[in-house]
Amino acid sequence: ILIISSPSGGGKTSICRRLLSRTRRAQGWTFSVSFTTRHPRVGERNGREYWFVSEAEFTRKAKSGFFAEHFRVHLGHYGTPRGPMEKVIAQGGVLLLDVDVNGAFALKKKYPAAITVFILPPSVPELRKRLRQRGTETKKDLAVRFENARREMKLFNHFDYVVVNKELDTAVQEVLAIVKSHPCRVDKTD
């Protein structure tokens, strides 16, 4: 289980997309599609980036134990379905997760053998620029995301690894190196 986390604008989604395009078929990687109550952004498809559900449906799933973890993040709810996690544990392969900091901590607690990687932006001004350039959030949403990002970046030392996403291809190569070298770690829990 490979958990990628970063503040909004850090590049975790871009890194995950590149990782999957390079590894999915050849190396048995799959992507865990999270559930969310937020509205889709332009170009997002239900079941690809997220499963977009109503608040009521999300609440029903949460109460039934459907999620391995779930939190309110920014202005919506997000949750990781338990089924894909259990399948990877049973069958092998690599399950790639793109989750926020709280989700990463909750998943690491439940799945201690998981690899956690925190993606840092090269600088705070660059993060602010990336968030504005997306053009997908209102000013209120941007303010919430930036404040959350500042708080989340202080937690990088609670992850197994840190990658600075200054240049996307380099960051992707660093994450691949982490996964490749992980079986050689002497302090791993699996």
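Residues numbered from 1 in each chain as written. Predicted model: local features only at pLDDT ≥ 70, side-chain atom pairs only at ≥ 80, totals over all residues. Heavy atoms only, no water.

K.L.:
Looking at this structure, how should I read the overall build of the protein?
P.N.:
The helix and strand tally for the protein stands at seven helices and nine strands. Taking 2.2 N^0.38 as the reference for a compact globule, 190 residues should give roughly 16 Å; the C-alpha atoms of the protein span a radius of gyration of 16 Å, in line with that estimate. A burial count over the protein gives 46% of its 190 residues as buried. In the protein, of all internal contacts separated by at least 6 residues, the share reaching a separation of at least 24 is 66%. In the protein, 34 side chains carry a positive charge and 19 a negative one; their mean positions are 2 Å apart. (Helix = DSSP H or I, 4+ residues; strand = E, 2+ residues; numbered from the N terminus. Rg over C-alpha atoms; globule rule 2.2 N^0.38 Å. Buried < 20%, exposed > 50% of the residue type's maximum accessible area, 1.4 Å probe, protein only. Contact = heavy atoms within 4.5 Å. Lys, Arg positive; Asp, Glu negative; His and termini not counted. Charge placed at Lys NZ, Arg CZ, Asp CG, Glu CD.)

K.L.:
Help me understand the sheet that holds strand β1 (residues 2-5), please; the structure alone is not making it clear to me.
P.N.:
Ordered in space as β2-β7-β1-β8-β9, the five strands form an open sheet in which the pairing is parallel. One side of each edge strand has no neighbouring strand; the edge strands of this open sheet are β2 (29-31) and β9 (161-164). For this sheet the average axis-to-axis angle between neighbouring strands, irrespective of direction, equals 25°. Across three bridges, β1 lies against strand β7 (residues 94-98) in parallel orientation. Paired with I3 across the bridge in β7 is L97. (Pairing = 2+ DSSP bridges. Axes fitted to C-alpha atoms, helices over the stretch in contact; angles between N-to-C directions.)

K.L.:
Would you mind showing me how to read the environment of N165 here?
P.N.:
For N165, the location among the structural elements is in the loop between β9 and α7 (168-181). Distance in space between the C-alpha atoms of N165 and L120 is 5.9 Å, their sequence separation being 45 residues. What N165 contacts, discounting residues up to four positions off in sequence, is G10, G11, I15, I119, L120, P122, R130 and A171.

K.L.:
Which parts of the structure should I look at to understand the nonpolar core?
P.N.:
One broad trend across soluble globular proteins is that nonpolar side chains are buried collectively. Formed by 21 residues in total, the largest nonpolar core has its most connected members in I1, I3, M85, L97, L107 and Y111. Only α3 (82-91), β7, α4 (101-110), β8 (115-120), α5 (124-134) and α6 (139-153) provide two or more residues apiece to this core. (Core = buried A, V, L, I, M, F, W, Y, C linked by side-chain atoms within 4.5 Å.)

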